[in-house]
Amino acid sequence: MRNPTCPKCESTSIIKSGIVNNRQRFKCKKCTYNFTVSKLGKEIDPYFVIKALQLYLEGISYREIERILGVSHVSVMNWVKKYKIKTPERYDYHPTYKILSHNELAEVMASPGYLKGSGMLITELGDKFMVIKWDRFKD
């Protein structure tokens, strides 16, 4: 960890001053201010944030995104709130998805019947590909 700076006077002349709530406490020699440094938490790769938001915009539920990406559905909800993503309107289309390897994707794309329908999106998902297809609900 790099040496902390005083949040009050921004001095770098800092000494350790005990532990409070399992966090190191510091004291500034210049202004005698006591403070603790913010805990370094786990940070999720921005790739997963972007993919989660893309999938959300495509109409996939929070729980399904959790299963696909392995990221908590609560995290996805928090990102949606943080970036002010509007809830997609519900149309008479329902997204279905498949996760395929490169060879499987080539086979699927070669079949002429698969390309017919309401719409399709192919996105990279790590070393695999996700095919999202919208099918109309049957009455």
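Just so we're clear, the structure is a prediction, and the values are computed from it rather than from any experiment. Counting starts from 1 at the beginning of each chain's written sequence and moves along it residue by residue. At least 70 in pLDDT is required for a residue's local features to be given in this predicted model, at least 80 for side-chain atom pairs to be given and counted, and no such filter applies to totals for whole chains, interfaces and linings, which use all residues. By convention in this description, side-chain values take in all heavy atoms of the structure and omit both hydrogens and water.

Chemist: Looking at this structure, how should I read the overall build of the protein?
Modeler: Of regular secondary structure, the protein possesses 4 helices and 6 strands. Counting from the amino terminus, the protein carries its helices and strands in the arrangement β-β-β-α-α-α-β-α-β-β. For this analysis, residues touch if any pair of their heavy atoms sits within 4.5 Å. Within the protein, contacts between residues separated by at least 24 positions form 47% of all contacts whose residues are at least 6 apart in sequence. Note on areas: Shrake-Rupley, 1.4 Å probe, and residue coverage restricted to the protein chains presented here. Roughly 10400 Å² of accessible area belongs to the protein as shown, and the carbon and sulfur atoms make up 51% of that amount. A run of DSSP states H or I qualifies as a helix once it reaches four residues; a run of E qualifies as a strand once it reaches two. Both are numbered from the N-terminal end.

Chemist: Can you walk me through the packing of helix H1 (residues 46-57) against helix H2 (residues 62-69) in this structure?
Modeler: Packed helices, taken two at a time, are described by their axes: the angle between them and the distance between them. A fitted line through C-alpha atoms represents every axis, and for helices the fit uses only the stretch in contact; the resulting angles, taken between N-to-C directions, go from 0 to 180 degrees. Where H1 contacts H2, the axes come no closer than 10 Å and their chain directions differ by 140°. Here H1 lies oblique to H2, going by the angle between them. Handedness of the H1/H2 crossing: right-handed. Residues Phe48, Lys51, Ala52, Leu55 and Tyr56 of H1 form the contact with H2, whose participating residues are Tyr62, Ile65, Ile68 and Leu69. Any residue outside Ala, Val, Leu, Ile, Met, Phe, Trp, Tyr, Cys, Pro, Asp, Glu, Lys and Arg is labelled polar, Gly included; the first ten of those are nonpolar and the last four are charged. Partitioned by chemical class, the residues of the contact of H1 with H2 number 8 nonpolar, no polar and 1 charged. When describing relative orientation, an angle under 35 degrees is termed roughly parallel and one over 145 degrees roughly antiparallel, while 65 to 115 degrees is termed roughly perpendicular and anything else oblique. Throughout, a crossing is termed right-handed when the near helix is turned clockwise from the far one, and left-handed when it is turned anticlockwise from it by less than a right angle.

Chemist: Looking at this structure, I do not really get the packing of aromatic side chains. What am I missing?
Modeler: For any pair of aromatic rings, geometry is given as the distance between the ring centres together with the angle between the planes. Side-chain rings of Phe, Tyr and Trp, where Trp is taken by its six-membered ring, are said to pair if the distance between their centres is within 6.5 Å; with planes under 30 degrees apart they count as stacked, over 60 as edge-to-face, and otherwise as tilted. Tallied over the entire structure, the rule returns 4 aromatic pairs. A network of ring pairs unites the aromatic residues Phe26, Tyr33 and Phe35 as a single cluster.

Chemist: I would appreciate a short explanation of the sheet that holds strand S1 (residues 14-20) in the present structure.
Modeler: Each strand in a sheet pairs with its neighbour through backbone hydrogen bonds, running either in the same direction (parallel) or in the opposite one (antiparallel). Any two strands with at least two DSSP-identified bridges between them are counted as paired. With antiparallel pairing, 3 strands are arranged side by side in an open sheet as S1-S2-S3. Every other strand in the sheet has two partners, leaving S1 and strand S3 (34-36) as the edge strands with one partner each. Between one strand and the next, the sheet's axes are offset by a mean angle of 35°, whatever the strand orientation. Relative to S3, strand S2 (residues 23-28) runs antiparallel, the two being bridged by 3 bridges. Paired with Phe26 across the bridge in S3 is Phe35.

Chemist: What am I meant to see in the nonpolar core here?
Modeler: As a rule of thumb, nonpolar side chains are buried together in soluble globular proteins. Nine residue types can take part in a nonpolar core, namely buried Ala, Val, Leu, Ile, Met, Phe, Trp, Tyr and Cys, and a core is a set of them joined through side-chain atoms within 4.5 Å. Relative accessibility under 20% of the residue-type maximum defines a buried residue, over 50% an exposed one, and the middle range a partly exposed one, all with a 1.4 Å probe and only protein chains included. In terms of nonpolar packing, the biggest core is built from 17 residues, with Leu55, Ile65, Ile68, Leu69 and Trp79 touching the most fellow members. Of all the secondary-structure elements, those providing two or more residues to this core are H1, H2, helix H3 (73-82) and strand S6 (128-136). The dominant element in this core, judged by the number of residues it contributes, is H1, at 5 residues. In contact with Ile68, other than residues within four places in its own chain, are Leu55, Ile60, Tyr97, Ile99, Leu125 and Met130.

Chemist: Would you mind showing me how to read the packing of H2 against H3 here?
Modeler: For the pair H2 and H3, the least separation of the axes is 8 Å and the interaxial angle reads 115°. Crossing of H2 over H3 shows right-handed handedness. Where H2 approaches H3, its residues Tyr62, Arg63, Ile65 and Glu66 are matched on the opposing element by His73, Val76, Met77 and Val80. Across the contact of H2 with H3, the residue classes tally to 5 nonpolar, 1 polar and 2 charged.

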